[in-house]
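Coordinate analysis (summary)
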Amino acid sequence: MSTALTSAPAPTSTRQDKLRVMVVDDSVVIRGMISRWIGAEPDMEVVASLRTGLDAVNQLERINPDVAVLDIEMPELDGISALPKLLAKKRDLIIIMASTLTRRNAEISFKALSLGASDYIPKPESTREASAAETFRHDLIQKIRHLGAKIRRCAHAHAPASPPLAPAHHDKLRETAARAPLASPAPAAHPAPARRPFSMLAPRVLLIGSSTGGPQALMSLVTEIGPVIDRFPVLITQHMPPTFTTILAEHLARSSRRPAHEAVDGEIVKAGRIYLAPGGRHMKVVRHGAEAAIALDDGPPVNFCKPAVDPLFTSAIDVWQGGIMSVILTGMGSDGMRGGKDIVAAGGSVIAQDEATSVVWGMPGAAANAGICAAILPLNQIAPKLVRLFSGDRS
């Protein structure tokens, strides 16, 4: 899986403000490899390399990491069992779940997100394959850096640090995490990005792009836009590998109570359905007579991602012209911004998730700062706005 993030130079850091990373994996090879990668970065350091979840729970307070890379399958205490215990001791700990790409582990990773994990990353089947290992390294380092930077900003904004969350209150945290990633503090004040009016053209399709934090945001969003789904097609690109998108489609179907599935090449796009770009392939749309059809593309990554949001956004213009409503949710990088510009130029509209409710304000921030958005909204305000817009409100 890729993160849609260009490999920008790492920020310089003093020893005192390096991100403190705890690596927890029962494989000595994986622990050593990840530790070497992190040790080579100027802005982060490995403060512990542990074999089991039990070791991590027992040593957490002494180690006091900012970020934990947590394997799913371990002896004594596996990752999914260790997760709530770690968050009970340190509620602002960034936890990135790591697992091999199996259906079972994909299911567990989704469960981990609902329990408060910040993100997940699939481990390559074989670290001997250079390209797979390099993709894993790139994605992991970027996730650590960007998720860790957010927690550092939170810590500085709320110093002194909050005490650990008592176990009795942890259910509340898990419940919040399961609903949506809304626990972030307000970001530092800066000039508000320019907004443009919503298109006066009636929207005929809803396109959504998302990445880091996207699964939680998507499940929250589709729960509330039933009236839109019933009358219009909804197409989603979430940066995710194969197997994970299969599971996400099933979760979206349950959350929305509407048909949702990984898109199939050549199928006709119909109202009342949610189409999800399958992991490892770009999802585009093409004209098929008077209708729209799915066109899956096995071309190279776009914005370091496959699937990527820009190919969906740009391809949709030929089918729906200005009748496109697009939404860019939480995620690293800038994927969706160029496609969003094209949509606006064709007469459509873009909504971005705001910074405070985004796990990472990369993708929506890029769109907002490009001045292409008609609205920049907290996650819980996007669905009501979409329902109004698709019902004829153009304000």
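You'll find the structure just up there.
Residues numbered from 1 in each chain as written. Predicted model: local features only at pLDDT ≥ 70, side-chain atom pairs only at ≥ 80, totals over all residues. Heavy atoms only, no water.

1. Observations regarding the sheet that holds strand β4 (residues 94–100)
If you walk across this open sheet you meet the five strands as β2-β1-β3-β4-β5, and the pairing is parallel. Only two strands of the sheet have a single partner each, and these edge strands are β2 (44–50) and β5 (119–123). Adjacent strand axes in the sheet meet at a mean angle of 25°, parallel and antiparallel pairs treated alike. (Pairing = 2+ DSSP bridges. Helix = DSSP H or I, 4+ residues; strand = E, 2+ residues; numbered from the N terminus. Axes fitted to C-alpha atoms, helices over the stretch in contact; angles between N-to-C directions.)

2. Description of the nonpolar core
Grouped burial of nonpolar side chains is what soluble globular proteins tend to show. With 65 residues, the main nonpolar core has Met-22, Leu-86, Leu-206, Ile-351 and Leu-386 as its most contacted residues. Considering every element that reaches this core, the biggest residue donor is helix α13 (residues 379–390), with six residues. With near-sequence residues (within four places) excluded, Ile-351 lies in contact with Phe-198, Met-325, Ser-326, Val-327, Ile-328, Ala-375, Leu-377, Ile-382, Lys-385, Leu-386 and Leu-389. (Core = buried A, V, L, I, M, F, W, Y, C linked by side-chain atoms within 4.5 Å. Buried < 20%, exposed > 50% of the residue type's maximum accessible area, 1.4 Å probe, protein only. Contact = heavy atoms within 4.5 Å.)

3. Some thoughts on the packing of aromatic side chains
Counted by the stated rule, this structure contains four aromatic pairs. Each residue in the set Phe-110, Tyr-120 and Phe-244 is aromatic and connected to the rest through ring pairs, giving one cluster. Sitting over the ring of Tyr-120, Lys-143 keeps its end group 5.7 Å from the ring centre. (Phe/Tyr/Trp six-rings, centres within 6.5 Å; stacked < 30°, edge-to-face > 60°. Lys NZ or Arg CZ within 6 Å of the ring centre and 35° of its normal.)

4. Details of the packing of helix α7 (residues 214–224) against helix α9 (residues 244–256)
It is the contact of α7 with α9, at a shortest axis distance of 8 Å, that shows an interaxial angle of 30°. With respect to each other, α7 and α9 are oriented roughly parallel. Handedness of the α7/α9 crossing: right-handed. Within the contact between the two elements, α7 uses Pro-215, Leu-218, Met-219, Val-222 and Thr-223 and α9 uses Leu-248, His-251, Leu-252, Ser-255 and Ser-256. Across the contact of α7 with α9, the residue classes break down as six nonpolar, four polar and no charged. (Parallel < 35°, antiparallel > 145°, perpendicular 65-115°, else oblique. Left-handed = near helix turned anticlockwise from the far one by under 90°. Nonpolar A, V, L, I, M, F, W, Y, C, P; charged D, E, K, R; others polar.)

5. Some remarks on the pattern of salt bridges
Where side chains of opposite charge bring their charged atoms close, a pairing between them can arise. Inspection of every chain in the model, using the stated rule, returns 15 salt bridges. Of the charged contacts in the structure, one is a salt bridge between Asp-43 and Arg-145, with a shortest N-O distance of 2.7 Å. In this pair, Asp-43 is assigned in the loop between α1 (28–39) and β2 and Arg-145 in helix α5 (residues 130–157), connecting sequence segments 102 residues apart. We note that Asp-43, like Arg-145, is buried. Of the charged contacts in the structure, one is a salt bridge between Glu-250 and Arg-103, with a shortest N-O distance of 2.8 Å. Residue Glu-250 is located in helix α9, and its partner Arg-103 is located in helix α4 (residues 103–114); the two are separated by 147 residues in the primary sequence. Overall, Glu-250 belongs to the partly exposed group, its relative accessible area being 28%. In the salt-bridge network here, residues are joined through shared partners; they are Glu-41, Asp-43, Glu-134, Arg-137 and Arg-145. (Salt bridge = Lys/Arg side-chain N within 4 Å of Asp/Glu carboxyl O.)

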